[in-house]
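Here is what each chain is made of, one letter per residue.
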Amino acid sequence: MGIKRFEDLEVWQKSMELVNKLYALTGKSSFKDYSLRDQLRRAAVSIPSNIAEGFERGSNKEFIQFLFIAKGSASEARTQLYIALEQKYISKDDFTSAIELVTHISIMLKRFIDYLCKSSIKGEKFRLRN
């Protein structure tokens, strides 16, 4: 059967869950640093966006490159969550929940990258077309 759309990828679904969680956290009145809020939201949005763009490129080599960008954005979001916690913009419970999710996404991305690196499949654009 296989994956036909990026929306079918569990890592993309989890990253969308993270986007929604971080939009909710940064929308609270306690989150007063609008620059950090915007940067955290951009980092979160970058994760599923890069997964989607890489998927649509049609080659595993390009897909891997975009997955690494998504993984970097996940690390950026994790750092910004630490800052938000230290500045008391988010609660310890909200921080823990968000950090666990973004860390899980990073692990999923790493495993996916490893899988694609070992795969003999080059990608959609390299298939013979009739």
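In this text the structure is predicted, and so the values were computed from the model without any measurement.

(A) Looking closely at helix H3 (residues 60-86). Over its 27 residues, H3 extends 39 Å from the first C-alpha to the last, a length consistent with the 39 Å expected when each residue adds 1.5 Å. Looking one or two residues beyond H3, the residue adopting positive phi is lysine 88, at roughly 65 degrees.

(B) Inspection of the nonpolar core at higher detail. Counting residues in each nonpolar core, the largest one holds 37 residues, and the members touching the most others are Ile51 and Leu81. Listed by contribution, the elements that provide at least two residues to this core are helix H1 (10-26), helix H2 (34-57), H3 and helix H4 (92-118). Here this core gets 11 residues from one element, more than from any other, and that element is H4. In this view, isoleucine 51 contacts Leu9, Val11, Trp12, Ser15, Phe63, Leu67, Ala70 and Leu109; residues no more than four positions away in its chain are not counted.

(C) Summary view of the side chain of serine 73. Inspection of the secondary structure assignment puts serine 73 in helix H3. Residue class for serine 73 comes out buried when judged on its relative accessible area of 6%. Here serine 73 is in contact with Ala43, Ser46 and Ile47, once residues within four sequence places are set aside.

(D) View of the packing of aromatic side chains. For the structure shown, the criterion picks out five aromatic pairs. Between the aromatic rings of phenylalanine 6 and tryptophan 12, the centroid separation amounts to 5.4 Å while the plane-to-plane angle is 70 degrees, which identifies the pairing as edge-to-face. Like tryptophan 12, phenylalanine 6 is buried. For the ring pair phenylalanine 31 and tyrosine 89, a centre distance of 5.2 Å and an interplane angle of 40 degrees mean the geometry is tilted. One end of the pair, phenylalanine 31, is in the loop between H1 and H2; the other, tyrosine 89, is in the loop between H3 and H4, and 58 residues separate them in sequence.

(E) Broad picture of the pattern of salt bridges. Counting across every chain of the model gives eight salt bridges. Measuring nitrogen to oxygen at the nearest pair gives 3.5 Å for the salt bridge that ties arginine 5 to aspartate 8. Residue arginine 57 pairs with glutamate 62 through a salt bridge whose shortest N-O separation is 3.4 Å. A relative accessible area of 34% means that arginine 57 is categorised as partly exposed. When salt bridges that share partners are traced, they join Arg5, Glu7 and Asp8 into one network.

The rules we used
- Residues numbered from 1 in each chain as written.
- Predicted model: local features only at pLDDT ≥ 70, side-chain atom pairs only at ≥ 80, totals over all residues.
- Heavy atoms only, no water.
- Helix = DSSP H or I, 4+ residues; strand = E, 2+ residues; numbered from the N terminus.
- Expected span 1.5 Å × (residues − 1).
- Core = buried A, V, L, I, M, F, W, Y, C linked by side-chain atoms within 4.5 Å.
- Buried < 20%, exposed > 50% of the residue type's maximum accessible area, 1.4 Å probe, protein only.
- Contact = heavy atoms within 4.5 Å.
- Phe/Tyr/Trp six-rings, centres within 6.5 Å; stacked < 30°, edge-to-face > 60°.
- Salt bridge = Lys/Arg side-chain N within 4 Å of Asp/Glu carboxyl O.

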